[in-house]
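Each chain, letter by letter, is given below.
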Amino acid sequence: MARRRSNIKVVPECQAAIDRMKYEIAAELGLTSPSADFLAESSGELGSQPEAVYGSVQWHSIATRDAGAVGGMITRRLVQQAEQILGRI
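Parameters and conventions
- Residues numbered from 1 in each chain as written.
- Predicted model: local features only at pLDDT ≥ 70, side-chain atom pairs only at ≥ 80, totals over all residues.
- Heavy atoms only, no water.
- Core = buried A, V, L, I, M, F, W, Y, C linked by side-chain atoms within 4.5 Å.
- Buried < 20%, exposed > 50% of the residue type's maximum accessible area, 1.4 Å probe, protein only.
- Helix = DSSP H or I, 4+ residues; strand = E, 2+ residues; numbered from the N terminus.
- Contact = heavy atoms within 4.5 Å.
- Salt bridge = Lys/Arg side-chain N within 4 Å of Asp/Glu carboxyl O.
- Phe/Tyr/Trp six-rings, centres within 6.5 Å; stacked < 30°, edge-to-face > 60°.
- Lys NZ or Arg CZ within 6 Å of the ring centre and 35° of its normal.

Draft legend 1. Spatial organisation of the nonpolar core. The biggest cluster of nonpolar side chains holds 9 residues, and these are Met21, Tyr23, Ile25, Ala26, Leu31, Val57, Ile62, Val70 and Ile74. Sorting the residues of this core by element identifies helix H1 (15-28) and helix H4 (64-88) as the ones contributing at least two each. The contact partners of Ile74, leaving out residues within four places of it in the chain, are Met21, Lys22 and Ile25.

Here you go:
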């Protein structure tokens, strides 16, 4: 039986927003270190490299618990945003 991929984005254009949110939450949790490459922001579209704004995260060296905390906070914020939008309708 073929295995179905569960991480396929329904709206692929949202990836940049999710990445910004991921780095923002990592910074709030204290998982970032200041980025030495502040020129990265000017090299591309504004906001295309969130690590230039929020600092860099060594994702390969953080604890699984911390990575899970970031994912959980992303989910919590997305649910809150959806509830706010649906509450207006």
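Draft legend 2. How the structure looks around the pattern of salt bridges. Throughout the structure, instances matching the rule amount to 3 salt bridges. Sharing partners across several salt bridges, the network here consists of Glu24, Glu28 and Arg77.

Draft legend 3. Summary view of the packing of aromatic side chains. Here the structure, examined in full by the defined rule, presents 1 aromatic pair. For the ring pair Tyr23 and Trp59, a centre distance of 5.8 Å and an interplane angle of 75° mean the geometry is edge-to-face. Linking Tyr23 in helix H1 with Trp59 in the loop between helix H3 (50-54) and H4, this pair joins segments that are 36 residues apart in sequence. Look at Trp59 and you get partly exposed, because its relative accessible area is 27%. Between Lys22 and the ring centre of Trp59, over which it is positioned, the NZ or CZ distance is 5.3 Å.

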